[in-house]
Amino acid sequence: MTQAAAKPVVQFIARLQKEGGLKGTDIANFTGVSKATVSRWGSGQKSPHPKTQLIMSDLAYVVMRLSEYYSQEEVRAWLYARHPQLEGRRAIDLIHDERTEEVIAILDRLEADAYV
């Protein structure tokens, strides 16, 4: 493993792309930066602000959990879709707004087979 690949943010970006089907543009929009900045994060050249790293780690965790049930395309669709269980909000917006616990509660219900 290279030194850059050992950085947590590089791993988060790789997980978001591989398991979540998210593109650099998705991550850029989510974090409010340019696609070029996401590319620099992904190569380990730069690191995002610590608050952004925490939000990205939450998103990576949610993607990891969703990937246990869904394909890349389905994970991406799930993140961007409005959910009745989230009062019509999108999971990606809640994660961005530091309300990941609400999304995790839905995932917990999914694992308990209570999600319809």
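Rules behind the numbers
Residues numbered from 1 in each chain as written. Predicted model: local features only at pLDDT ≥ 70, side-chain atom pairs only at ≥ 80, totals over all residues. Heavy atoms only, no water. Core = buried A, V, L, I, M, F, W, Y, C linked by side-chain atoms within 4.5 Å. Buried < 20%, exposed > 50% of the residue type's maximum accessible area, 1.4 Å probe, protein only. Helix = DSSP H or I, 4+ residues; strand = E, 2+ residues; numbered from the N terminus. Contact = heavy atoms within 4.5 Å. Salt bridge = Lys/Arg side-chain N within 4 Å of Asp/Glu carboxyl O. Axes fitted to C-alpha atoms, helices over the stretch in contact; angles between N-to-C directions. Nonpolar A, V, L, I, M, F, W, Y, C, P; charged D, E, K, R; others polar.

### Concerning the nonpolar core
Ranked by size, the top nonpolar core spans 30 residues in total, and within it Leu59, Trp78, Leu79, Ile95 and Val103 carry the most contacts. Of all the secondary-structure elements, those providing two or more residues to this core are helix 1 (8-18), helix 2 (24-31), helix 3 (35-43), helix 4 (50-66), helix 5 (72-80), helix 6 (91-96) and helix 7 (100-111).

### Considering the side chain of Thr52
Among the secondary structure elements, Thr52 is positioned in helix 4. Discounting residues that sit within four places of it in the chain, Thr52 has contacts with Thr31 and Trp41.

### Some remarks on the pattern of salt bridges
For the structure shown, the criterion picks out nine salt bridges. For the salt bridge of Glu19 with Arg15, the shortest nitrogen-to-oxygen distance reads 3.9 Å. For Arg99, the salt bridge goes to Glu102, with nearest N and O atoms at 2.7 Å. Classification of Arg99 as partly exposed rests on a relative accessible area of 31%. For Glu102, a relative accessible area of 28% corresponds to the partly exposed category. By sharing partners, the salt bridges in this structure join Glu87, Arg89, Arg99 and Glu102 into a single network.

### Digging into the environment of Leu107
In this fold, Leu107 is placed in helix 7. Separated by 16 residues in sequence, Leu107 and Ala91 place their C-alpha atoms 11 Å apart. Not counting the four nearest positions on each side in its chain, Leu107 is found in contact with Val62, Arg65, Leu66 and Trp78.

### Considerations on unusual backbone geometry
One non-glycine residue, Glu87, lies in the positive phi region at around 55°. Even without a glycine there, the phi angle at Glu98 is positive, about 60°. By the secondary structure assignment, Glu98 is in the loop between helix 6 and helix 7.

### Comments concerning the environment of Val103
Tracing the backbone through its elements, the reader meets Val103 in helix 7. Using a relative accessible area of 0% as the deciding quantity, one classes Val103 as buried. Here the alpha-carbon distance between Val103 and Gln85, two residues 18 residues apart in the chain, equals 9.1 Å.

### What about the packing of helix 1 against helix 3?
At a minimum axis separation of 7 Å, helix 1 and helix 3 run at an interaxial angle of 115°. In this structure, helix 1 uses Val9, Val10 and Ile13 to contact helix 3, whose residues at the interface are Val38, Trp41, Gly42 and Ser43. For the contact of helix 1 with helix 3, the residue count by class is five nonpolar, two polar and no charged.

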